[in-house]
Amino acid sequence: PDDETGARLVEVVGPEAAGEVQVLLEAHPAELVRFQLGTLRDVRLAWQTAHRLHLGDDGVWWSLAQEYQAVDVVAALGVQVRVVAESLVVTNQRAYRPAAADLGRLRSVAREAGSAEALALVDAAIAEFRERYRRRPTMIAAFDRAGLP
């Protein structure tokens, strides 16, 4: 089962099938979260489910956090910073430019939200990455080119 099958079932049977679909997707956390986001359009429920089931799919976490920014920008950015951090654990020069771009976008989101706490969270993460990976000149250069602090 996946979220698309669940969505089609709800479309054919009706909204009363949503509960059963969620039970069936419980064994597949990423699919359940996608179903709750896409079909049910319930970002709060999807957020709770992702935490409760220990969602392990960073792509789904990223999408969920983008949606959740409207609810709690600090919590959402915290998840996105964690996803970026995981992309930097292994030395991979191809990951540096996308990570820097993502961090730049996260800073923009924090500024647009007017949240000093959110901006401090992102800036602290950038500072930590610069310190932790100071022996990765290609990463530092990518951060510099992206205009990160």
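Quick caveat: nothing in here was measured; it's all calculated off a predicted structure.

Let's shift gears to the overall build of the protein. Broken down by element type, the protein carries nine helices and zero strands. With the principal axes as the frame, the protein shows a C-alpha extent of 55 × 35 × 20 Å. Looking at the 149 residues of the protein, the share that counts as buried comes to 42%. Summarising the internal contacts of the protein: among those between residues at least 6 apart in sequence, 50% fall at separations of at least 24. Element-wise, carbon and sulfur atoms account for 53% of the exposed surface of the protein, whose accessible area totals about 8300 Å². Positive and negative side-chain charges in the protein, numbering 17 and 21 respectively, have mean positions lying 12 Å apart.

Quick look at the nonpolar core now. The nonpolar side chains of a soluble globular protein tend to be buried, and buried together. Counting residues in each nonpolar core, the largest one holds 41 residues, and the members touching the most others are V33, W61, L64, L88, L103, F129 and F143. The set of elements that each furnish at least two residues to this core consists of α3 (29–38), α4 (43–52), α5 (58–68), α6 (73–88), α7 (93–113), α8 (116–132) and α9 (137–145). Among the elements that take part in this core, α6 stands out by supplying 10 residues, more than any other. Ignoring sequence-local partners within four residues, the contact set of L88 consists of Y96, A99, F129, Y133, R136, M139 and F143.

Attention now goes to the side chain of E31. Residue position: E31 is located in helix α3. Among the residues examined, E31 registers a relative accessible area of 18% and is labelled buried. Beyond its immediate sequence surroundings of up to four residues, E31 is in contact with P1, D2, D3 and L25.

Following the sequence through the fold, V74 ends up in helix α6. For the pair V74 and A113, spaced 39 residues apart in the sequence, the C-alpha separation amounts to 9.6 Å. Every residue in contact with V74, bar those within four places of it in the chain, is listed here: S115, E117, A118 and L121.

Conventions adopted
- Residues numbered from 1 in each chain as written.
- Predicted model: local features only at pLDDT ≥ 70, side-chain atom pairs only at ≥ 80, totals over all residues.
- Heavy atoms only, no water.
- Helix = DSSP H or I, 4+ residues; strand = E, 2+ residues; numbered from the N terminus.
- Buried < 20%, exposed > 50% of the residue type's maximum accessible area, 1.4 Å probe, protein only.
- Contact = heavy atoms within 4.5 Å.
- Areas by Shrake-Rupley, 256 points an atom, 1.4 Å probe, with all protein chains shown as cover.
- Lys, Arg positive; Asp, Glu negative; His and termini not counted.
- Charge placed at Lys NZ, Arg CZ, Asp CG, Glu CD.
- Core = buried A, V, L, I, M, F, W, Y, C linked by side-chain atoms within 4.5 Å.

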